[in-house]
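Each chain, letter by letter, is given below.
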Amino acid sequence: MERSKESDYDRNNREGLKGWLNPSRYGWERISYWLQRLTGVFLLIYFIGHVYETSSLTRGPDAWSAMLELTQTPWGHLFLILVIGTSTFHSANGIRLIFTHAGKGLGKPGRPDYPYDAMSLNYRQKSGIWVALILAAVAMLYGSSVLLGGE
Amino acid sequence: MMKTRKIILHESQIMKIHYITAIAALFVVAVHILMRLIMPYSMSLQYENVVVNYHNIPYALLLESILVLIAIHGFNGLRVILLEFRQNEIWENGITIFTIAAMIAIIAYGTRTIIMANQLGL
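Definitions and cut-offs
- Residues numbered from 1 in each chain as written.
- Chains lettered and ligands numbered in written order.
- Predicted model: local features only at pLDDT ≥ 70, side-chain atom pairs only at ≥ 80, totals over all residues.
- Helix = DSSP H or I, 4+ residues; strand = E, 2+ residues; numbered from the N terminus.
- Contact = placed C-beta atoms within 7 Å.
- Axes fitted to C-alpha atoms, helices over the stretch in contact; angles between N-to-C directions.
- Parallel < 35°, antiparallel > 145°, perpendicular 65-115°, else oblique.
- Left-handed = near helix turned anticlockwise from the far one by under 90°.
- Nonpolar A, V, L, I, M, F, W, Y, C, P; charged D, E, K, R; others polar.
- Expected span 1.5 Å × (residues − 1).
- Core = buried A, V, L, I, M, F, W, Y, C linked by C-beta atoms within 7 Å.
- Buried ≥ 20, exposed ≤ 12 C-beta atoms within 10 Å, placed from the backbone.

## A few points about the overall build of chain A
Each helix and strand in chain A was counted, giving six helices and zero strands. In sequence order, the secondary structure elements of chain A are arranged as α-α-α-α-α-α. When contacts within chain A are restricted to residue pairs at least 6 apart in sequence, those whose partners lie at least 24 apart make up 72%.

## So, the packing of helix α4 (residues 57–85) of chain B against helix α5 (residues 89–118) of chain B
All names here are of chain B. Taken N-terminus to C-terminus, the directions of α4 and α5 make an angle of 165°; their axes are 9 Å apart at the nearest point. Our classification of the angle between α4 and α5 gives roughly antiparallel. With respect to the hand of their crossing, α4 and α5 are arranged in right-handed fashion. Tallied by class, the residues present in the contact of α4 with α5 amount to 16 nonpolar, six polar and three charged.

## A word on the packing of helix α3 (residues 28–54) of chain A against α4(B)
Contact pair α3(A) / α4(B): the axes reach a minimum separation of 10 Å and the direction vectors enclose 135°. When the axis of α3(A) is compared with that of α4(B), the two are oblique. You can see that α3(A) and α4(B) cross each other, and the crossing is left-handed. Judged by residue contacts, R37(A), G40(A), V41(A), L44(A) and F47(A) of α3(A) engage I70(B), G74(B), G77(B), L78(B) and I81(B) from α4(B). Partitioning the contact of α3(A) with α4(B) into residue classes produces six nonpolar, three polar and one charged.

## Brief notes about α3(A)
The end-to-end C-alpha distance of α3(A), which contains 27 residues, comes to 37 Å, matching closely the 39 Å that a straight helix rising 1.5 Å per residue would cover. Residues of α3(A) that are buried make contact with α5 (74–101) and α6 (123–147) of chain A together with α4 of chain B.

## Considerations on the nonpolar core
Among the nonpolar cores identified, the biggest contains 14 residues, and A25(B), I66(B), L67(B), L69(B), I70(B) and A71(B) are the most heavily contacted of them. For this core, the elements supplying multiple residues, two or more each, are α3 of chain A together with α1 (11–37) and α4 of chain B. When near neighbours in sequence (up to four residues on either side) are disregarded, L67(B) contacts I107(B), G110(B) and T111(B). Counting five residues, the second largest nonpolar core, distinct from the first, contains F89(A), A92(A), I129(A) and A136(A).

Encoded structure:
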């Protein structure tokens, strides 16, 4: 059956979460969009957990030590290293997005020529995404040296 | 007659708040992390050292500002993500109410910790 144009308008992001989690058909901008949201949700979960974790302080030294025993483990440290990486990427990529939203670094509009590369995804945007990824890796390395360095 | 929805803040204004809270949070979180690094990391997490942090009023205020800024930024980010999934009035209003309620709950819970820890004896 032929689908009417009207029903196409009603599709309303029908893929939902599945479409959001499938960046395979998209380029760097889409991957960065996906990572920004994924890291954001992860950091929000960490933030809620961190607020709960620190509330153990009010129940005295024993409750605080018990909570620390739970988090100050190799797995806890690996989780914190992941938090460091995701928060660095989210911040650096977020700054790029603020500039992009303000129209900075997008370049001038041009005639669409084959192979129809997006004019907005220029070297500035691409390098912004790479800088965010490299900064995240460096922050994770530094975090590892502090957390696993045995200080 | 077409029904018009009451708008308190436009999306463009909400996004400005989103970006301002992000930039402000970057600075205060940086100070919060630096406080963990002024002494060996494991020592900075000892009960007495953490309680001393909360007794320091400027630092307690810094923690409160982190709590408020991240809660606003984080839950508004979640609202934006959830609004991308579906667009209709019931969903949008439900998501807005849920995120504001969650924001208030986490700020209230965190503020309670800051106040109680500030009054803890050593």
